[in-house]
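Report on the structure
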Amino acid sequence: VMNDIITTMFNRKFMEELFKPQDLYSKKALRTVYDRLAHASIMRLNQASMDKLYDLMTMAFKYQVLLCPRPRDILLVTFNHLDAIKDFISDSPGILNQVDETFRRLIETYNCLSDGEFQLIRQTLLIFFQDMHIRVSIFLKDKVQNSNGRFVLPISGPVPWGTEVPGLIRIFNHKGVEVKRTEFTTAGNYVTPQREGSFELYGDRVLKLGTNMYSVTRPVETHMSGSSKNLASQAKENIAPNPLAKEELNLLARLLGGLDIQKPAGGETGFRLNLFTTDEEEEHAAQTRPEELSYKVINIEATQEPGRRAELSRILGELDVAEPRPGSAEKGEDLLALMDGL
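This text gives an overview of the structure that appears in the document. (Residues numbered from 1 in each chain as written. Predicted model: local features only at pLDDT ≥ 70, side-chain atom pairs only at ≥ 80, totals over all residues. Heavy atoms only, no water.)

1. Considering the packing of helix 5 (residues 73-88) against helix 6 (residues 93-110)
- One can describe the packing of helix 5 onto helix 6 by two numbers: an axis separation of 10 Å at closest approach and a directional angle of 170°. Comparing their axes, helix 6 and helix 5 come out roughly antiparallel. Residue-level inspection shows Leu 75, Thr 78, Phe 79, Leu 82, Asp 83, Ile 85 and Lys 86 of helix 5 in contact with helix 6, the latter providing Leu 96, Val 99, Asp 100, Phe 103, Leu 106, Ile 107 and Tyr 110.
- Taken together, the residues that form the contact of helix 5 with helix 6 break down as ten nonpolar, one polar and three charged. (Axes fitted to C-alpha atoms, helices over the stretch in contact; angles between N-to-C directions. Helix = DSSP H or I, 4+ residues; strand = E, 2+ residues; numbered from the N terminus. Parallel < 35°, antiparallel > 145°, perpendicular 65-115°, else oblique. Contact = heavy atoms within 4.5 Å. Nonpolar A, V, L, I, M, F, W, Y, C, P; charged D, E, K, R; others polar.)

In structure tokens:
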């Protein structure tokens, strides 16, 4: 299962799509891609378990980005993720080479960026996650998350690499010469970091954000912040990702390029993963999930409306888009269709 998921995630064409300069994905698009990756193997999750897995992933990543000592350390967090993935497939040289290739591409693309550009990346990610305040028991027990789902920023520990421990004020004259020093007492217990984390293919990252937070065995649950609303029963098993989400995301691709989308093969068997203690608990979670956190997708039937189709044709006529040759459409012309072909 791990090999199948990692092979799909680090497929070369898929990575090429991700590394293309582009706007940040919408929440709906990210969830759809995540569904497709989670179901890239014979493993299947129903809607409640899939929601819980996605909530854990988003809140853990938000925590890592929020607590990075400096914006550039986002890259170290990503390297910690990849180091852990490489441990999963250490006995599969072919898949390991896929991950290493992505590793080298990350180094080539991001190592040269300035601190200001990393700060822009960090702020963009935090804006994306700013409305997500889902409580996770592992964070609540470690006192890094409040009961309202907001994270606690530490006031002690190592300061960012390249900075000094706070407590000293230097005063300079107009010639740039230091003329006075004053000290003040800080509320936290800060220390100077011993060394900087490695940004190479192999090395000690130093930073622990992005490493396995389940290394200590303990129960993990997610709880929705705020009052839960009663919803209609959604306990039917989700044996495949929601096809409506894919159709909505692929609509523009079909209009702009005549994308030939392959229908998923049916009848595939597999095993179901339940992230709850019992099936009853999973069913209850599906029924009580707040409606604003549901990832329902509305299908756009634009091709059945003559007026809208004429308007879209007019807009497309104003765009300088080369018409693709008949039969030239391939699997992978957009991200989700590409994952169908893996």
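That shown, we press on.
2. Observations regarding a nonpolar patch on the surface
- Taken together, the side chains of Ile 169, Ile 171, Val 177, Val 179 and Phe 184 define a hydrophobic patch exposed on the protein surface, amounting to about 420 Å² of accessible area.
- Mapping Phe 184 onto the fold places it in the loop between strand 5 (178-183) and strand 6 (190-191). (Patch = residues over 30% accessible without salt bridge, like charges linked within 9 Å, V, L, I, M, F, W, Y side chains within 5 Å. Areas by Shrake-Rupley, 256 points an atom, 1.4 Å probe, with all protein chains shown as cover. Salt bridge = Lys/Arg side-chain N within 4 Å of Asp/Glu carboxyl O.)

3. Section: the nonpolar core
- With 47 residues, the main nonpolar core has Phe 79 and Phe 139 as its most contacted residues.
- Secondary structure elements with two or more residues in this core: helix 2 (12-19), helix 3 (27-38), helix 4 (47-66), helix 5, helix 6, helix 7 (115-129), helix 8 (137-141) and helix 12 (335-340).
- The biggest single contributor to this core is helix 5, with seven residues.
- What Phe 139 contacts, discounting residues up to four positions off in sequence, is Met 59, Ala 60, Tyr 63, Val 144, Gln 145, Phe 151 and Met 213. (Core = buried A, V, L, I, M, F, W, Y, C linked by side-chain atoms within 4.5 Å. Buried < 20%, exposed > 50% of the residue type's maximum accessible area, 1.4 Å probe, protein only.)

4. Points about the pairing of strand 4 (residues 168-172)
- Where strand 4 lies against strand 5, five bridges are found, and the strand directions are antiparallel. Residue pairing across strands places Ile 171 opposite Lys 180, the latter belonging to strand 5. (Pairing = 2+ DSSP bridges.)

5. Describing the pattern of salt bridges
- Counted by the stated rule, this structure contains twelve salt bridges.
- The residue Asp 115 makes a salt bridge to Arg 72 at a minimum N-O spacing of 3.2 Å. Of the two residues, Asp 115 sits in helix 7 while Arg 72 sits in the loop between helix 4 and helix 5, which places them 43 residues apart along the sequence.
- The salt bridge partner of Asp 100 is Lys 86, with a shortest N-O separation of 3.1 Å. Of this pair, Asp 100 sits in helix 6 while Lys 86 sits in helix 5, and the two are 14 residues apart along the sequence. In this pair, the class of Asp 100 matches that of Lys 86, namely buried.
- In this structure, a network of salt bridges that share partners links the residues Glu 164, Arg 170, Glu 178 and Arg 181.

6. Quick look at unusual backbone geometry
- Phi at Lys 143 is positive, roughly 60°, even though this residue is not glycine.
- Relative to the helices and strands, Lys 143 resides in the loop between helix 8 and strand 3 (157-158).
- For Lys 143, a relative accessible area of 66% puts it in the exposed group.
- Positive phi is not limited to glycine here, since Val 206 has a value of about 65°.
- Here Val 206 lies in the loop between strand 6 and strand 7 (222-223).
- For Val 206, a relative accessible area of 31% puts it in the partly exposed group.

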